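For reference, the chains in residue letters:
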Amino acid sequence: MLNLESSYSLRRARLVSADDIAMTCRVRLARNLERERFPDWATGKDRERVLETVCGAVMREAGEFRVSAVAALDEQARDVLCEMHLASQDLMAREVGGGVAYAPDGSVCVMVNEEDHLRIQGFAKGLELEAAWRAADALDTALERHLPYAWTPRYGYLTACPSNVGTGLRAGAMLHLLGLRLLGEIEAVVRGLERMRLLVRGVAGEGSEAAGQIYQVSNMDTLGRDEAETVGRVKRICTEVVRQEYQARVRLVRESPLVLADCLARSLSVLQSARLMSTAEALEFLSALRLGAALGLVTRLKVADVDRLILLMQPGHLQKSLGLALTPEERDEMRAVFLRRRVASLRLKG
Amino acid sequence: MKCELCQKAEAETAIHRKVGAEEQELYVCKACASAGAGPEAGATPEVEQQAAEGCQAVGGVAAFPLMGMILDAAFEIVGRAAVAAGEASCPVCGITRAEYRKASRLGCPACYEAFSEELEAAILDLHRSLQHNGKTPERCQRSRQLAQLERALAEAVQAQRYEEAIALRDQLRRLGGGGAC
Ligand SMILES: [Zn+2]
Ligand SMILES: [Zn+2]
């Protein structure tokens, strides 16, 4: 039997780094141009005019950005952008007038003609929401010099959906909450967050059955509080959720070591032996492996390694690395091959 | 406190209305109460506080799918008379109230003005606030200043602080007429 106490020493108090639980964070700003119809009601011509205006502003203020119209991207390129969170599926469905511009390092991007004319996004690691906000804010301030944003003193930035009006800001963190799930406490945590008017969504999947137990937690209200208050509040609450997940992991190790060991062992053996693997399945097993890596229970495996696998096994990245366009069935086969190779030498400690 | 719907008159009574599966309580003036659901008495301020904090009407996963229902609720209260008067539309983009309700998406920035009454109720439901406090584009700084002065002036007049009100009025005059935003 595994001796978990010895491999995961609580006395050494290697406080699981917050980044082990908070994976990444982002701040999004919704912006629209005066006297233009919102994208959903605009004609193709309207949207193309807006795209041209916004791309012109981006090129003047951020010449190093990569700029692309959706129509010019093939399916693989679209998948890759979505997997990197630089674009959304909704944007990729906007064949006429949709566009995306992003910094070469992927730290900030603008989606054009998604639900709003502009969706500016800043990204940062862990819970560094202020950094994400600063990145989005700086780009927004630069673009504002060239773009007549729709804004009123009462409602602030006007958006296509009234649920975003005001700051147009949504600040969110991706939290890996498998410990709370294994202890059966995730539903209570999600309910608590919703009572505090935070939006909780699975990164893939729906509601409390988030695929891989990766949740995006973000603010619901955009009117009333200013940007810094909203970002600070989301960060405070997410920090508390991270603390709860940390406590859950400590209790798992102390009180339910068999449940934990079983989950890790099953996941690793499927990853090492499966011949067909869908994206959703792979995410479930990699999620368990990620927990094992955070707890130091898997040999030679760091959390960052698992995060890399989670990105690379997705359809766009998988096909890009192989240099091939594959059918979904072929993808499942190649994904299983890819993951088998990457995890072949891993062992559970004990 | 001020009426939670019109933000103008003093709130005198509580009304209850259903938003999705949740029942919500609002403190409103007489006019808004008679326009909407029947008034019900007896709620305490603490109850209202709890309702505000524990409000799950737009909670969680279903927040955006619920938009339609929230808009419907807002229309029920504010929109009856307007609907009876005929199909309103936005003068700039031309979308009608029915179209925007169906899609839960507005047509253009001017729709906020065109459908201001029912949007006000929906926005209050969504955000529990009706006043932006945050970033202002550089070219809109002046109109924000004007709006702040106008709010301060209205408050001063209502509180009968006339000297302050006169000073505010003079400031407003110096800044001149409406801004670009
Ligand atoms: Zn009223
Ligand atoms: Zn309009």
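Keep in mind that what you see is a predicted model, and the values were worked out from it rather than measured.

So, the interface of chain A and chain B
Every contact between the two is made by 52 residues of chain A and, on the other side, 47 residues of chain B. Of the roughly 4100 Å² buried at the junction of chain A and chain B (both faces included), carbon and sulfur atoms supply 59%. Three residues, Trp41, Trp151 and Pro162 of chain A, lead the burial of chain A against chain B; their summed loss comes to 19% of the area buried on that side. Counting the contacts that link chain A with chain B gives 6 salt bridges. Taken together, chain A and chain B are joined by 24 residue pairs in polar contact (both at pLDDT 80 or more). Here the side of chain A that touches chain B gets 5 residues from one element, more than from any other, and that element is helix α6 (residues 129–144) of chain A. Residues belonging to the side of chain A that touches chain B are distributed by class as follows: 21 nonpolar, 10 polar and 21 charged.

Re unusual backbone geometry
Unlike most non-glycine residues, Gln213 of chain A shows phi in positive territory, near 55°. Mapped onto the secondary structure, Gln213 of chain A falls in the loop between β9 (198–202) and β10 (214–219). Relative accessible area serves as the criterion here: at 5%, Gln213 of chain A is assigned to the buried category. Although it is not a glycine, Gln160 of chain B sits at a positive phi angle of roughly 60°.

A short note on the sheet that holds strand β2 (residues 66–69) of chain A
All names here are of chain A. Spatial strand order, β2-β3-β4-β5-β1-β8-β10-β9: 8 strands in an open sheet with antiparallel pairing. Both outer strands of the open sheet, β2 and β9, are each paired with one neighbouring strand and no more. The average angle at which neighbouring strand axes cross in this sheet is 20°, direction not considered. Sitting on the sheet, helix α8 (residues 186–195) is in contact with β9 and β10, with an inclination near 140° to β9.

Things to note about the environment of Gly106 of chain A
Residue and element names in this part refer to chain A. On the secondary structure map, Gly106 appears in the loop between β3 (99–102) and β4 (108–112). The class of Gly106 is buried, set by a relative accessible area of 18%. Between the C-alpha atom of Gly106 and that of Arg37, which follows or precedes it by 69 residues, the distance is 29 Å.

Let's talk about the environment of Phe123 of chain A
Mapped onto the elements, Phe123 of chain A comes out in strand β5 (residues 118–125). For Phe123 of chain A, the contacting residues outside a window of four places in its chain are Cys25, Arg26, His85, Leu86, Gly106, Ser107, Val108, Cys109 and Ala132 of chain A.

Here's the deal with the coordination of the zinc ion (ligand 2)
Residues and elements named next belong to chain B. Looking at the zinc ion (ligand 2), the protein donor atoms are Cys90 (SG), Cys93 (SG), Cys108 (SG) and Cys111 (SG), and they sit 2.3 to 2.4 Å from it. Around the zinc ion (ligand 2), the 4 donor atoms are arranged such that angles at the metal cover 97 to 126°; this shape is classified as tetrahedral. One chain supplies every donor for the zinc ion (ligand 2), spaced along it as C-x2-C-x14-C-x2-C. Pair noted here: Cys90 is in the loop between α3 (67–84) and α4 (97–103) and Cys111 is in helix α5 (residues 111–114), with a separation of 21 residues, a long-range link. Taken as a pair, Cys90 and Cys111 share a single burial class, namely buried.

Comments concerning the state of the cysteines
As used here, a disulfide is simply a covalent bond connecting the sulfur atoms of two cysteines. Residue and element names in this part refer to chain A. A complete count under the given rule lists 0 disulfides over all chains for this structure. Free cysteine: Cys55, not disulfide-bonded; nearest cysteine sulfur from Cys109 at 13 Å. By relative accessible area, which is 13% here, Cys55 ends up buried.

Parameters and conventions
- Counting from 1, residues in each chain are numbered in the order their sequence is written.
- To read the labels, note that chains go from A and ligands from 1, taken in the order they are written.
- Reporting in this predicted model follows two pLDDT cut-offs: at least 70 for local features of residues, and 80 or more for side-chain atom pairs to be given and counted; totals over whole chains, interfaces and linings ignore these cut-offs and use all residues.
- Just so you know, side-chain values use all the structure's heavy atoms and leave hydrogens and water out.
- Working rule for contacts: check all heavy atoms of both residues, and any pair within 4.5 Å makes them a contact.
- Take the accessible area each of two parts loses on contact, using a 1.4 Å probe, and add the two losses: that sum is the buried area.
- Just to be clear on terms, a salt bridge is a Lys or Arg side-chain nitrogen sitting within 4 Å of an Asp or Glu carboxyl oxygen.
- We define a polar contact as two N or O atoms separated by no more than 3.5 Å, with the added condition that, inside protein, one atom must be a possible hydrogen donor and the other a possible acceptor, whereas residues neighbouring each other in sequence contribute only through side-chain atom pairs.
- Going along the chain from the N terminus, every DSSP run of H or I of four or more residues is numbered as a helix, and every run of E of two or more is numbered as a strand.
- When residue character is reported, Ala, Val, Leu, Ile, Met, Phe, Trp, Tyr, Cys and Pro are called nonpolar, Asp, Glu, Lys and Arg charged, and the others, Gly included, polar.
- The cut-offs for exposure are 20% and 50% of the maximum accessible area for each residue type, with area from a 1.4 Å probe on protein chains only; residues under the lower value are buried, those over the upper are exposed, and the others partly exposed.
- By definition, two strands form a pair when at least two bridges between them are found by DSSP.
- Fitted lines through C-alpha atoms give the axes, limited to the stretch in contact for helices. The angle between two N-to-C directions lies from 0 to 180 degrees.
- Think of the donor list as every N, O and S atom within 2.8 Å of the metal, or within 3.2 Å for Na, K and Ca; water never makes the list, so a site can look incomplete.
- A four-donor site is classed as tetrahedral when every donor-metal-donor angle falls between 85 and 135 degrees; four donors are called square planar, and six octahedral, when trans pairs exceed 155 degrees and all remaining angles lie between 65 and 115, with any other arrangement labelled irregular.
- Two cysteine sulfur atoms form a disulfide, by the criterion used here, when they sit within 2.5 Å.

Structural measurements only, silent on function.
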